Structures are given as structure tokens and as C-alpha cells.
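Observations on the three-dimensional arrangement
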Amino acid sequence: MKHIYAVITLVVSSFIFVTSCKPEPSMPKPRGYFKIDLPETHAYKTFDSAGFPFRFEYPVYGKVVQDLNLIKEEHQPYWINVNFPGINAMIYLSYKAIEPGADLNDLVRESYKLTNAHNKKADFIDAPAFTTKSGMEGVFYTVGGNAASVYQFYVTDKTKHFIRGSLYFNSAPNADSIAPAATFLKKDIEHLIETLQFR
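What you see is a predicted model, and the numbers here were worked out from it, not measured in a lab.

The next thing to look at is the pairing of strand 4 (residues 80-84). In terms of burial, strand 4 is a largely internal element, five of the five residues being buried. Burial of the side chains of strand 4 extends over both faces: Ile80, Val82 and Phe84 are buried on one face and Asn81 and Asn83 on the other. Sheet topology note: the strand 3 (residues 63-66)/strand 4 ladder contains four bridges and is antiparallel. Its bridge partner being in strand 4, valine 65 is matched across the sheet by asparagine 81. Bridge count for strand 4 against strand 5 (residues 89-97) is five bridges, and the pairing is antiparallel. Its bridge partner lying in strand 5, isoleucine 80 is registered against leucine 93. Taking the residues between adjacent antiparallel strands as the criterion, strand 4 and strand 5 are bridged by four residues, where asparagine 88 takes a positive phi near 65°.

So this is what it looks like as C-alpha cells:
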């Protein structure tokens, strides 16, 4: 009888040992995104290049560059970009003079059309109008969802000058991964717009 109890005890103990040593089932890890080290504070310097029909303040962690291909191919010497290499993003700025007899509404419609091209990927497009302290008018577009460009805008004095801007990240569009950087750069875009002056 003792022998049977010993065998039963051995079998039960072995079963408990084997089942308790089983490794945890592997679970997929939640998707992660690369960390972007954002600057600690917003600080600005002035873009005021000779011959340009506008000036503005932009972040010290950005670099103003001209698109040499546009200068050669489309003859647009005032189309410049603010590059943020540490954030992997770029604000593209395209300037157009309002020629005598030209219709400002054509430029506004073109801006709307370019923003609306993101509608396939956008969850929404918010487009409030604004007026800067210096009297410039424009529209600031926020494009929600996995669109290629999160923020777009145009600013005009309604008589001679029109400038359009758009923020792009040099990565596949993913609203979750770029959200912290996009939110950070929104303040810089708003500062650029508020300090923009035409001459």
C-alpha cells in the first residue's frame, strides 16, 4: 500500500513540476515608434535675405534651404524650405507674387486643391481662417489621420504677395508616430506665420 502511495505521490509531483516549469506563452509586443528627441524650448532667429520679398522668424534648430531643382526647372527663386534634420521634417514654403489683374481667388483655390489632395488618407481637414497682428490673412489647415502633410497654410496681404506652406515628415505617414513632433512644430509654424512680413 505504501508503494502505491509513493507512486501516486511521485506522479502528482512530476505533473506539478512539469506544468509549473512550462514557459509563458509568447505574446506579441505592442508596436513601438522611434523616439524623437525634441528641443527643450522654442527659440527663433530671423530669415531676412537680400532680394527676398518676405522675412520671418524660424526656429534655431531649423535651417533655411533653397530647392535648387525648383530654381532651375520652374524658375522659383523664392521657394525655400525650413529643414529640421533632428526631427526629420521640412516646412516647404512657396511664394507667388500677385500679378496686376490676377485673381487672388485662383491662388486660394489652388491652395485648397493641394490640401484636399490628402483627403484619401485624411480623417478630417480643419481649415480656420486667421488674421495676423500685422493684418495678413490666411487659412491654417490641420489634416487629421495618416496623411502625408499634417499642417498646411497660406498667408497673403491680398494685393501683392501670397505664400503657401506645408509640413512634411521624411517617413511613412503615421499619425501616432509623428504626433509629438507635429504638435511641437505646430507652435513654430504659428510663430513663422505671425512674424511673416512682406516687402
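Our next topic: the packing of aromatic side chains. Scanning all chains against the criterion turns up 15 aromatic pairs. Plain terms: the ring middles of phenylalanine 47 and phenylalanine 54 are 6.2 Å apart, the flat faces sit at 35° to each other, and that makes the pair tilted. Each ring, one from phenylalanine 54 and one from tyrosine 95, has its centre 5.6 Å from the other, and the planes form 40°; the classification is tilted. In this pair, phenylalanine 54 sits in strand 2 (residues 54-59) while tyrosine 95 sits in strand 5, placing the two residues 41 residues apart along the sequence. The exposure class of phenylalanine 54 is buried, given its relative accessible area of 0%. A network of ring pairs unites the aromatic residues Phe47, Phe52, Phe54, Phe56, Tyr58, Tyr78, Tyr95 and Phe198 as a single cluster.

As for its placement among the helices and strands, serine 166 is situated in strand 10 (residues 161-169). Those residues in contact with serine 166, other than ones at most four positions away along the chain, are Met90, Ile91, Tyr92, Ser149, Tyr151, Gln152 and Phe153.

Close approach of charged atoms allows side chains of opposite charge to pair. Scanning the entire structure with this criterion turns up five salt bridges. With its nearest N and O atoms 2.6 Å apart, the salt bridge here joins aspartate 106 to arginine 109. Here aspartate 106 and its partner arginine 109 are both found in helix 3 (residues 104-116), three residues apart, which amounts to about one turn of the helix. Lysine 158 is the salt-bridge partner of glutamate 137, the closest N and O atoms lying 3.5 Å from each other. A residue pair is termed long-range when its members are at least 10 positions apart, and glutamate 137 in strand 8 (residues 137-145) and lysine 158 in the loop between strand 9 (149-156) and strand 10 qualify at 21 residues. Residue glutamate 137 is classed as partly exposed on the basis of its relative accessible area, which comes to 31%.

It is worth spelling out helix 3 at this point. The α-helix winds at 3.6 residues per turn, so residues separated by three or four positions along the chain end up facing the same way. A rise of 1.5 Å per residue sets the reference length of helix 3, with its 13 residues, at 18 Å; its end C-alpha atoms lie 18 Å apart and thus fit the reference within 8%. Within helix 3, the full set of buried residues consists of Leu104, Leu107, Ser111 and Thr115. Relative to the axis of helix 3, the buried residues are bounded by an arc of 75° and lie together on one face. Tucked inside the fold, the buried residues of helix 3 contact strand 5, strand 6 (122-126), strand 8, strand 9 and strand 10.

Quick look at the sheet that holds strand 2 now. The strand order across the open sheet formed by three strands is 1-2-11, and the pairing between neighbours is antiparallel. Edge strands, defined here as strands with exactly one partner in the open sheet, are strand 1 (44-47) and strand 11 (197-198). Summarising the sheet, strand 2 and strand 11 pair through two bridges and their orientation is antiparallel. The residue of strand 11 that forms the bridge with phenylalanine 54 is phenylalanine 198. Along the sheet, helix 4 (residues 175-195) makes contact with strand 1, strand 2 and strand 11, crossing strand 2 at roughly 155°.

Calculation rules
Positions within a chain are numbered from 1, following the residues in the order the chain's sequence is written. Under the rules for a predicted model, residues below a pLDDT of 70 receive no local features and side-chain atom pairs below 80 are neither given nor counted, while totals for whole chains, interfaces and linings still include all residues. With hydrogens and water set aside, each side-chain value is computed from the structure's full complement of heavy atoms. Accessible area is worked out with a 1.4 Å probe on protein chains only. A residue is then buried under 20% of its type maximum, exposed over 50%, and partly exposed in between. Counting from the N terminus, the helices are DSSP H or I runs at least four residues long and the strands are E runs at least two residues long. A pair of strands is treated as paired once DSSP finds two or more bridges between them. Here is the rule: rings of Phe, Tyr and Trp (six-membered ring for Trp) pair when centre to centre is within 6.5 Å. Planes less than 30 degrees apart are stacked, more than 60 are edge-to-face, and the remainder are tilted. Contacts are assigned to residue pairs that have any heavy atoms within 4.5 Å of one another. Take a side-chain nitrogen of Lys or Arg and a carboxyl oxygen of Asp or Glu: if they are within 4 Å of each other, that pair is a salt bridge. A helix is expected to span 1.5 Å for every residue after the first. Directions pointing from the helix axis toward each C-beta atom define the arc. Axis angles are defined between N-to-C directions and span 0 to 180 degrees, where every axis is a line fitted to C-alpha atoms and, for a helix, only to the segment in contact.

Honestly, that's just the spatial picture; any functional story needs more than this.
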